[in-house]
Amino acid sequence: MGLYLWVFDDCGEEIAGVEVWRYQYFGDFRDLAAGFVRKRKVASSMTTLLNHPDCNGIWSVKDCKKLLSELEELGAAFRKEPPLQRIIDWRQDVFRLYGITPQNLFECFVDSDCEFLIDRLTALCRLAIQENRPIEFQ
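Residues numbered from 1 in each chain as written. Predicted model: local features only at pLDDT ≥ 70, side-chain atom pairs only at ≥ 80, totals over all residues. Heavy atoms only, no water.

Here's the deal with helix 7 (residues 117–131)
Between its terminal C-alpha atoms helix 7 stretches 21 Å, which fits the 21 Å expected from 15 residues at 1.5 Å a residue. Within helix 7 the residues assigned to the buried category are L117, I118, R120, L121, T122, L124, C125, L127 and A128. Those residues of helix 7 that are buried lie in contact with strand 1 (2–8), strand 2 (14–22), helix 1 (23–38), helix 3 (61–79), helix 6 (105–108) and strand 4 (135–137). (Helix = DSSP H or I, 4+ residues; strand = E, 2+ residues; numbered from the N terminus. Expected span 1.5 Å × (residues − 1). Buried < 20%, exposed > 50% of the residue type's maximum accessible area, 1.4 Å probe, protein only. Contact = heavy atoms within 4.5 Å.)

Laid out in structure tokens, this is it:
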């Protein structure tokens with residue numbers, strides 16, 4: 001079972017969504033973010049990203065504003081780090097299919113369409129803020 005995040009319009013129709021893939025993959029993403037907080041590689045405590053359950057939840061518009069800032073900071077920090085083979089191994093089939101070799105930690109995390117996960121999540125946050133709608137996930 002995988003993690004899916006989306007934004008609905010006022011009529012309950014999906015505007016946009018991101019299929020993250022497996023919960024454990026997203027868990028590894030959050031664990032690395034937590035490690036960056038502990039090692040002070042980021043200034044933010046990443047509370048919006050780290051302190052929210054990753055199943056059947058909602059990030060409010062207010063949360064999305066904080067999350068956007070956290071993701072942008074985390075993205076910059078991940079770009080400075082070398083790739084991790086254990087993370088690449090999770091998605092090796094997708095990387096081979098698309099002919100991608102991650103050059104840094106940022107590029108190790110991709111969604112189900114092989115687009116960079118942090119880029120997709122920041123875009124979803126921006127859309128949620130623009131549309132004044134929460135991000136929902138399960």
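Some words on the pattern of salt bridges
In the structure shown here, the tally under the stated rule is 7 salt bridges. One salt bridge in this structure joins E81 and K41, with 3.3 Å as the shortest N-O distance. Taken together, the residues span a long stretch of sequence, with E81 in the loop between helix 3 and helix 4 (85–90) and K41 in the loop between helix 1 and helix 2 (47–50) at a distance of 40 residues. Residue K41 is classed as partly exposed on the basis of its relative accessible area of 41%. Note that R79 and D119 form a salt bridge whose closest N and O atoms lie 3.8 Å from each other. In this pair, R79 sits in helix 3 while D119 sits in helix 7, placing the two residues 40 residues apart along the sequence. (Salt bridge = Lys/Arg side-chain N within 4 Å of Asp/Glu carboxyl O.)

Let's talk about the packing of aromatic side chains
Per the counting criterion, the structure on display carries 13 aromatic pairs. With a centroid separation of 5.4 Å and 55 degrees between ring planes, the pair formed by F106 and F116 is classed as tilted. Remark: F116 occurs in the loop between helix 6 and helix 7 and F106 occurs in helix 6; sequence separation between them is 10 residues. Cluster of aromatic residues (ring-pair linked, three or more members): W21, Y25, F26, F29, F36, F78, W90 and F109. The ring of F36 carries the charged tip of K41 above its face, separated from the ring centre by 5.1 Å. (Phe/Tyr/Trp six-rings, centres within 6.5 Å; stacked < 30°, edge-to-face > 60°. Lys NZ or Arg CZ within 6 Å of the ring centre and 35° of its normal.)

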